[in-house]
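An overview of the molecular structure
If you want the building blocks of each chain, they are given just below.
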Amino acid sequence: MAGAAPTTAFGQAVIGPPGSGKTTYCLGMSEFLRALGRRVAVVNLDPANEGLPYECAVDVSELVGLGDVMDALRLGPNGGLLYCMEYLEANLDWLRAKLEPLRGHYFLFDCPGQVELCTHHGALRSIFSQMAQWDLRLTAVHLVDSHYCTDPAKFISVLCTSLATMLHVELPHVNLLSKMDLIEHYGKLGESSCSRQLSTWTTTRRSWTCPTCSTTWLLTLSSATTVSSMRNWCSSLKTTVWSPSSLSTFRTRRVSSGSCRLWIKPMATASGSKNSEAWRP
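Everything quoted here is computed from the prediction, not taken from an experiment.

This brings us to the packing of helix H3 (residues 77–90) against helix H6 (residues 123–133). Running from N to C, H3 and H6 cross one another at 25°; their axes reach a closest spacing of 9 Å. Viewed along their axes, H3 and H6 adopt a mutual orientation that is roughly parallel. Our pair here, H3 against H6, has a crossing hand that is left-handed. Note on element contacts: H6 touches H3 through Ala123, Leu124, Ser126 and Ile127, opposite Met85, Glu86, Leu88 and Glu89. Residues belonging to the contact of H3 with H6 are distributed by class as follows: five nonpolar, one polar and two charged.

Quick look at the structure:
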C-alpha cells in the first residue's frame, strides 16, 4: 500500500437482476460522491457490460471477455458469464494488483446481473470474501425495479430473491427500489394490474372491441378480467340469441363466465327502438 494511504478501504457491491439500473446507479453515485469531494473508483465486474457511461478505474474485460469465452468454449451468455466469474475467482491476483493503487478511494463495484451469481453460485461470494481479507469493507446494494411493488405476486417474488441474495452473499445488505420516476406508468402501489384494467374500463370506456373479429360491445364490467377472457366472451356472446320480449323487459343483461360477469347494454337503432340485432353490432 502506497505512502500514507489508509489501510482500510470501503465500497459498495452493486447487485441486482438484469436491467435493474446497476450501471446507471454507479454513474449517479460516482457523480454524487465526487460532488461531495470524495475520491471514487468504479470497478466493472461485468464482462458483458459494454459502452460504460462512467469513467472505469478497473474493467474485468481486460482480463476476460464474455464474447471471447462464448466463441472459444461454445457457451451461451449465461454459461459464458459463469465461466468468466470463475476465471476471475481463479485470477484474483490480477484484481488485487489493480485495486491496490486505488487505496484511499471509495469503491463502486458494478456486478453482473445474472441472478444465479447472487443466489447460489459461489464465485461472486468467494470474490467478496477475498476482498474482505484485503481489508476492503463492502456493503451489498441490491437494486430492484420499483414497478414490482405494484403487483403483490411480483413483490413477494422479489422479497424471496432479495432474502436468498442476502443469505448467500453474506455482506451488509441494502435494498433499493430503482426507476421510481417510472412508477406512475404502472399505477398506484398495492393496485394489481387487473384492478387497474377494470378501473380504466369502467371509468373511461363504455365499449370494448374484440381484436380478433373487430366486434364492438357496449358494456360495463362487474369484476376484473383480462383481454384473453374478453376474446372468449366475444366468441360466445355473438352466438347468443336475444328475443325481442327480453329486450323490452330488461335494459341490461348479465352474462356470467366463471367468477367474472359482463353487463351488456342494448344498442339503440337509428329509429330509437331496440331489437335483437341491437344487442350486438
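Sheet architecture is open: six strands sit in the order E3-E2-E4-E1-E5-E6, paired in parallel fashion. At either end of the open sheet lies a strand with only one pairing partner, and these are strand E3 (56–59) and strand E6 (173–178). With strand direction ignored, the average angle separating the axes of adjacent strands in the sheet is 25°. Sitting on the sheet, helix H4 (residues 92–99) touches strand E2 (40–44), E3, strand E4 (106–110) and strand E5 (136–145), and the angle it makes with E3 is about 165°. The sheet contacts of H6 involve strand E1 (9–15), E4 and E5, and relative to E5 the element is tilted by about 145°.

Here the focus is the confidence of the model for the protein chain. Scored by pLDDT, the protein chain has a mean of 74; 64% of the residues are at 70 or more. Here residues 219–227 scores under 50 on pLDDT; set against residues more than four positions off or in separate chains, the count is 35 contacts. A low-confidence stretch, residues 238–281 stays under pLDDT 50, and its non-local contacts, those more than four residues away or across chains, total 77 contacts.

In this section: the packing of aromatic side chains. On inspection of all chains with the given rule, the structure shows two aromatic pairs. Between Phe107 and Phe109, the aromatic rings sit 5.8 Å apart at their centres with planes inclined by 25°, giving stacked as the arrangement.

Before going further, it helps to examine unusual backbone geometry. The phi dihedral of Asp135 is positive, around 65°, even though this residue is not glycine. If you trace the backbone, Asp135 turns up in the loop between H6 and E5. For Glu170, which is not glycine, the phi dihedral falls at a positive 60°. With respect to the secondary-structure elements, Glu170 resides in the loop between helix H7 (152–169) and E6.

For the rest of this paragraph, the subject is the nonpolar core. With 35 residues, the main nonpolar core has Leu95, Leu99, Phe107, Phe109, Phe128 and Met131 as its most contacted residues. With near-sequence residues (within four places) excluded, Leu99 lies in contact with Val43, Val58, Phe107, Phe109, Trp134 and Leu136. In this structure, Tyr25, Val40, Tyr54 and Leu143 belong to the second largest nonpolar core, which totals twelve residues.

For the rest of this paragraph, the subject is the side chain of Asp59. Structurally, the position occupied by Asp59 is in strand E3. Comment: no salt bridge for buried Asp59; closest opposite-charge side chain is Lys98, at 10.0 Å. In terms of polar contacts, Asp59 uses its side chain to reach the side chain of Asn44, at 2.9 Å. Not counting residues up to four positions away in its chain, the partners in contact with Asp59 are Asn44, Leu52 and Trp94.

Let us now look at the pairing of E1. Burial runs high along E1: six of the seven residues are buried. By the bridge criterion, seven bridges tie E1 to E5 in an arrangement that is parallel. Following the sheet pairing, Ala13 is matched in E5 by Ala140.

For the pair helix H2 (residues 66–73) and H3, the least separation of the axes is 9 Å and the interaxial angle reads 110°. In this view, H2 runs roughly perpendicular relative to H3, as classed from their interaxial angle. Crossing of H2 against H3: the hand is right-handed. Along its contact with H2, which presents Leu66, Val69, Met70 and Leu73, the element H3 presents Pro77, Gly80, Leu81, Tyr83 and Cys84.

For E2, the buried fraction is high: five of the five residues fall into the buried class. The two faces of E2 match: Val40, Val42 and Asn44 on one face and Ala41 and Val43 on the other face are all buried. Both E2 and E4 contribute to a ladder of five bridges, which runs parallel. When the bridges of E4 are listed, Asn44 appears paired with Asp110. In this sheet, E3 lies alongside E2 in parallel orientation, the contact comprising three bridges.

The rules we used
- Residue numbering note: each chain is counted from 1, following its sequence as written.
- Given that this is a predicted model, residues contribute local features only at a pLDDT of at least 70 and side-chain atom pairs are listed and counted only at 80 or more, while totals for whole chains, interfaces and linings are drawn from all residues.
- Water and hydrogen atoms play no part in the side-chain values, which are based on all heavy atoms of the structure.
- Axis lines are fitted to C-alpha atoms, over the contacting stretch for helices. Their N-to-C directions set the angle, which ranges from 0 to 180 degrees.
- Every helix listed is a DSSP run of H or I at least four residues long, and every strand listed is a run of E at least two residues long, numbered separately from the N terminus.
- Note on angle classes: values under 35 degrees are labelled roughly parallel, values over 145 roughly antiparallel, values of 65 to 115 roughly perpendicular, and the remainder oblique.
- Left-handed is the label given to a crossing in which the near helix is rotated counterclockwise from the far helix by less than a right angle, and right-handed is the label when the rotation is clockwise.
- Residues count as neighbours in contact if any of their non-hydrogen atoms are within 4.5 Å of one another.
- Polar here means any residue outside two lists: the nonpolar Ala, Val, Leu, Ile, Met, Phe, Trp, Tyr, Cys and Pro, and the charged Asp, Glu, Lys and Arg; Gly therefore counts as polar.
- Any two strands are treated as partners once DSSP identifies two or more bridges connecting them.
- Summary of the metric used: pLDDT quantifies the predictor's per-residue confidence within the range 0 to 100.
- Classification of ring pairs rests on two measures: the distance between centres of Phe, Tyr or Trp rings, Trp counted by its six-membered ring, which must be within 6.5 Å, and the angle between planes, read as stacked under 30 degrees, edge-to-face over 60 and tilted in between.
- By convention a nonpolar core is built from buried Ala, Val, Leu, Ile, Met, Phe, Trp, Tyr and Cys residues, the set being connected through side-chain atoms within 4.5 Å.
- Classification of residues uses two cut-offs on accessible area relative to the type maximum, computed with a 1.4 Å probe and protein chains only: under 20% is buried, over 50% is exposed, and between them is partly exposed.
- Charge counting treats Lys and Arg as positive and Asp and Glu as negative, with His and both chain ends excluded.
- In the sections that follow, a salt bridge refers to a side-chain nitrogen of Lys or Arg positioned within 4 Å of a carboxyl oxygen of Asp or Glu.
- Within 3.5 Å is the distance limit for a polar contact, defined as a pair of N or O atoms, with the added protein rule that one can donate a hydrogen and the other accept it, and that residues adjacent in sequence qualify only through two side-chain atoms.

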